[in-house]
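# Remarks on the overall topology
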Amino acid sequence: MSKRSRRTRDKWRDKQWLKIETPKFFDNAIVAQTPITDPKQSIGRVLETTLFDVMKQDPKQYVTKLRFKIIEIKDNTAKTVLQGQEYSREYLRSLISRGSSMINFVDDFTTKDGAVVRIYVVAFSQSRLNSSRKHGIRLKTRELLTEKTSNSTYEQFAHEAILGNIATDIHNEAKKVSNLRHVGIKKTKLIKLPPVINKEES
């Protein structure tokens, strides 16, 4: 056996298996295992999976991608925070149709516990909309998201967003401006961790 082969085998033997655990609102489920050499170097690593891989309830959940960021490691288990969610490209393309308008909205919001999250909302109308109605839908979206985030912790908001409850609330408000065939949170991105998590991490 060559020296190079022995070195490769030894490096693999030195690795340990790290279990990736979801946040509490996903029942701390183990979604993956990964080999690591140094646990400290795994802090900050991001794992991408799907909502179906976590909840295993409905095949439609495959269209939602989830990203979990490792923030702490204890006893070979990685604690994570939801770094963001996103529609798959294929699903987003399937929503587009002729004769309707697509309304995009994006802005940063601060939750009750101090997290900053960037929220991307997409809406599709049943027919073409003028600029005034598009603006009205964006205003309704901003008002509702401001209320939701200011009265929720990051985990509470993330859970409601993933389940589709917040998109439903936006739809109910936006339809006062115009009839819509779809409203969804197509993407979220955690810009700043809640101070409580930062304190625990340090």
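Residues numbered from 1 in each chain as written. Predicted model: local features only at pLDDT ≥ 70, side-chain atom pairs only at ≥ 80, totals over all residues. Heavy atoms only, no water.

### Let's talk about the overall build of the protein
Helix and strand counts for the protein come out as eight helices and eight strands. Looking at the protein as a whole, 38% of its 202 residues qualify as buried. Carbon and sulfur atoms make up 46% of the accessible area of the protein, which amounts to about 11900 Å² in all. (Helix = DSSP H or I, 4+ residues; strand = E, 2+ residues; numbered from the N terminus. Buried < 20%, exposed > 50% of the residue type's maximum accessible area, 1.4 Å probe, protein only. Areas by Shrake-Rupley, 256 points an atom, 1.4 Å probe, with all protein chains shown as cover.)

### A few points about helix α7 (residues 165–174)
Spacing of three or four residues puts side chains on the same side of an α-helix, whose turn is 3.6 residues. Those residues of α7 that sit buried are Ile166, Ala167, Ile170 and Ala174. Taken down its axis, α7 places every buried residue within 100° of arc, on the same side. As for α7, its buried residues are in contact with β7 (116–125), α5 (131–150), α6 (154–163) and β8 (180–192). (Arc of directions from axis to C-beta. Contact = heavy atoms within 4.5 Å.)

### Focus on the pattern of salt bridges
For the structure on display, the rule yields eight salt bridges. In this structure, Glu86 engages Arg67 in a salt bridge whose closest nitrogen and oxygen atoms are separated by 3.1 Å. With Glu86 in strand β5 (residues 77–87) and Arg67 in strand β4 (residues 64–74), this residue pair connects regions lying 19 residues apart in the sequence. Here Lys176 and Glu173 are joined by a salt bridge, their closest N and O atoms 3.1 Å apart. (Salt bridge = Lys/Arg side-chain N within 4 Å of Asp/Glu carboxyl O.)

### A closer look at unusual backbone geometry
Phi is positive for Asp27, close to 65°, though the residue is something other than glycine. The exposure class assigned to Asp27 is exposed, which follows from its relative accessible area of 68%.

### Here's the deal with the packing of aromatic side chains
In total, this model carries five aromatic pairs according to the counting rule given. Ring centres of Phe52 and Tyr62 lie 4.5 Å apart, and the angle between their planes is 35°; this geometry places the pair in the tilted category. With Phe52 in helix α3 (residues 51–55) and Tyr62 in the loop between α3 and β4, the pair connects residues that are 10 residues apart, well separated along the chain. With a relative accessible area of 18%, Phe52 lands in the buried category. Of the residues examined, Tyr62 reaches a relative accessible area of 45% and is grouped as partly exposed. Three or more aromatic residues joined by ring pairs form one cluster here, namely Phe25, Phe26 and Phe68. Over the ring of Tyr120 we find Lys187, and its NZ or CZ is 5.1 Å from the ring centre. (Phe/Tyr/Trp six-rings, centres within 6.5 Å; stacked < 30°, edge-to-face > 60°. Lys NZ or Arg CZ within 6 Å of the ring centre and 35° of its normal.)

### A closer look at the packing of α5 against α7
The N-to-C vectors of α5 and α7 enclose an angle of 140°; their axes lie 9 Å apart at closest approach. It follows from the interaxial angle that α5 and α7 lie oblique. Taken as a pair, α5 and α7 cross one another with a handedness that is right-handed. Counting all contacts with α5, which are made through Ile137, Lys140, Thr141, Leu144, Leu145 and Lys148, the residues of α7 involved are Ile166, Asp169, Ile170, Glu173 and Ala174. (Axes fitted to C-alpha atoms, helices over the stretch in contact; angles between N-to-C directions. Parallel < 35°, antiparallel > 145°, perpendicular 65-115°, else oblique. Left-handed = near helix turned anticlockwise from the far one by under 90°.)

### Some details on the pairing of β7
For β7, a buried count of eight out of 10 residues is recorded, marking the element as mostly surrounded by other parts of the structure. Bridge count for strand β6 (residues 102–110) against β7 is nine bridges, and the pairing is antiparallel. Pairing of Phe105 across the sheet is with Val121, part of β7. A loop of five residues connects β6 with β7, the two strands running antiparallel in sequence, and Gly114 in this loop sits at a positive phi of about 90°. Alignment of β7 against β8, held across 10 bridges, turns out to be antiparallel. Bridging across to β8, Phe124 finds its partner in His182. (Pairing = 2+ DSSP bridges.)

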